[in-house]
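Below, each chain spelled out in residue letters.
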Amino acid sequence: METQILKPDENSLFAAKKIIEEGGLVAFPTETVYGLGANAFDGDAVKKIYEVKGRPQDNPLIVHVHKDYDISRIVCDIPDYALKLAKKFQPGPLTIVLKSRGTVSPIVSCGLDTIGIRVPSHPDAQKFLKAVELPIAAPSANVSKHVSPVTAQHVYADLNGKIPLILDGGKCSGGIESTVLDCTGEIPCVLRSGLVTREMIAEVAGDCGVFIPKKGEKVRSPGMKYKHYSPNCRTMLFPYEEREKALEEYERQRAEGVNAWIMCENSVAREFGTDKILALGENGEEFAANLYDKLREGEKVAELIIAVAPKEQGGVMAGVMNRLTKACGGQG
Ligand code: AMP
Ligand code: MG
């Protein structure tokens, strides 16, 4: 299969609509990462997503809709706090998990009785969702466990020959996946951290929990148990407080002839003064925007990425830390 990369316009959106209606897959940009979409009502189309990505069969997909879509067609029992959160943060990088009405294919939610709903704010995502006028099940448009794609070229590198069309909306601005929020309980509960932080949610909903799986406990967001976001090279991760050890390791590896690079925040890069640096920025938003691009750059130039965790750990950095820990092989 030939994979076309097209800018979203009348012709390419018409082609995208046709592919989706015929049960095919289309990759499209969002403000977080690129998504790999299929008609959420069509179980056979949704199955293709799992096949193309090599995604584990028990990791549910998020359903994407345009901003005027009536979500009561696919979910029910929506609590008041969820309506408030939707009003405040959608369109935007927040996925709200609600009780399924049973209309969407059960393959989307892997047998769970809930569905994660997201309304992406990226104008090209809105155009695509309006053109198809269907709920679109979509995970990130990468091979499972690899670094998520933030450009059309990243999608092409992973899925060339496996899907017919990539809509090219340029580089994603957000950089890490949406916050996944369980809205089926008394209060909302963060299942996966992201750009909409627990603090921002609590301000609107009055309260907000964070799900931290205990050893042996069933995970509530199945995707969180897998190794993820990993570059195709060796990685190490050091806490900020142990950054001196990261530098020592870098020097030791280099002395042994290993092509090691450091990944860290700008201030640590200045402190180290080494030349093989993948700098992530100054704050949480910059880290999020740069992380996947730098991991993909890193796997091209380095044999070993030695990452130093950020100094700050709250707000957006909670999401960044979650991805960095998983990417660099830690416990997540
Ligand atoms: P991805 O599409 O690769 O960004 O992954 C989607 C994430 O959302 C995974 O961590 C899933 O486990 C989570 N997710 C999707 N749907 C649900 C749901 N109905 N309940 C809980 N988590 C979900
Ligand atoms: Mg993903």
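Data block above holds the structure.
Residues numbered from 1 in each chain as written. Chains lettered and ligands numbered in written order. Predicted model: local features only at pLDDT ≥ 70, side-chain atom pairs only at ≥ 80, totals over all residues. Heavy atoms only, no water.

Draft legend 1. Structural view of unusual backbone geometry. The step from Gln90 to Pro91 runs through a cis peptide bond, and the omega angle for that step is 0°. For Pro91, the location among the structural elements is in the loop between α3 (80-89) and β6 (94-100). One non-glycine residue with positive phi stands out, namely Asp77, at about 55°. You can see Asp77 is positioned in the loop between β5 (75-76) and α3. Asp77 gets classed as exposed once you look at its relative accessible area, which sits at 60%. A positive phi angle, near 55°, is found at Glu133, a position not held by glycine. (Helix = DSSP H or I, 4+ residues; strand = E, 2+ residues; numbered from the N terminus. Buried < 20%, exposed > 50% of the residue type's maximum accessible area, 1.4 Å probe, protein only.)

Draft legend 2. Structural view of the packing of aromatic side chains. Considering all chains together, one arrives at two aromatic pairs under this definition. Ring geometry for Tyr229 and Tyr292: centres 5.7 Å apart, planes at 25°, overall stacked. One end of the pair, Tyr229, is in the loop between β12 (209-210) and β13 (234-238); the other, Tyr292, is in helix α9 (residues 284-301), and 63 residues separate them in sequence. Side by side, Tyr229 and Tyr292 carry an identical accessibility label, which is buried. Arg243 extends its terminal NZ or CZ atom over the ring of Tyr240, reaching a point 4.1 Å from the ring centre. (Phe/Tyr/Trp six-rings, centres within 6.5 Å; stacked < 30°, edge-to-face > 60°. Lys NZ or Arg CZ within 6 Å of the ring centre and 35° of its normal.)

Draft legend 3. Summary view of the nonpolar core. Counting 71 residues, the largest nonpolar core has Leu36, Leu85, Ile163, Met263 and Tyr292 as the members making the most contacts within it. Ranked by the residues each element gives to this core, the list is headed by helix α10 (residues 316-327), at six residues. If near-sequence neighbours (up to four positions away) are discounted, Leu85 is found in contact with Gln90, Leu94, Ile96, Leu181, Cys183, Pro188, Ile201, Val204 and Ala205. (Core = buried A, V, L, I, M, F, W, Y, C linked by side-chain atoms within 4.5 Å. Contact = heavy atoms within 4.5 Å.)

Draft legend 4. Representation of the sheet that holds strand β14 (residues 260-264) in the model. Spatial strand order, β13-β16-β14-β15: four strands in an open sheet with parallel pairing. Two strands bound the open sheet, and with one partner strand each, they are β13 and β15 (277-279). Each strand axis lies, on average, 20° off the axis of its neighbour in the sheet, ignoring direction. Looking at chain direction, β14 and β15 are connected through three bridges and run parallel. From the neighbouring strand, Met263 faces β15, where its bridge partner is Leu278. (Pairing = 2+ DSSP bridges. Axes fitted to C-alpha atoms, helices over the stretch in contact; angles between N-to-C directions.)

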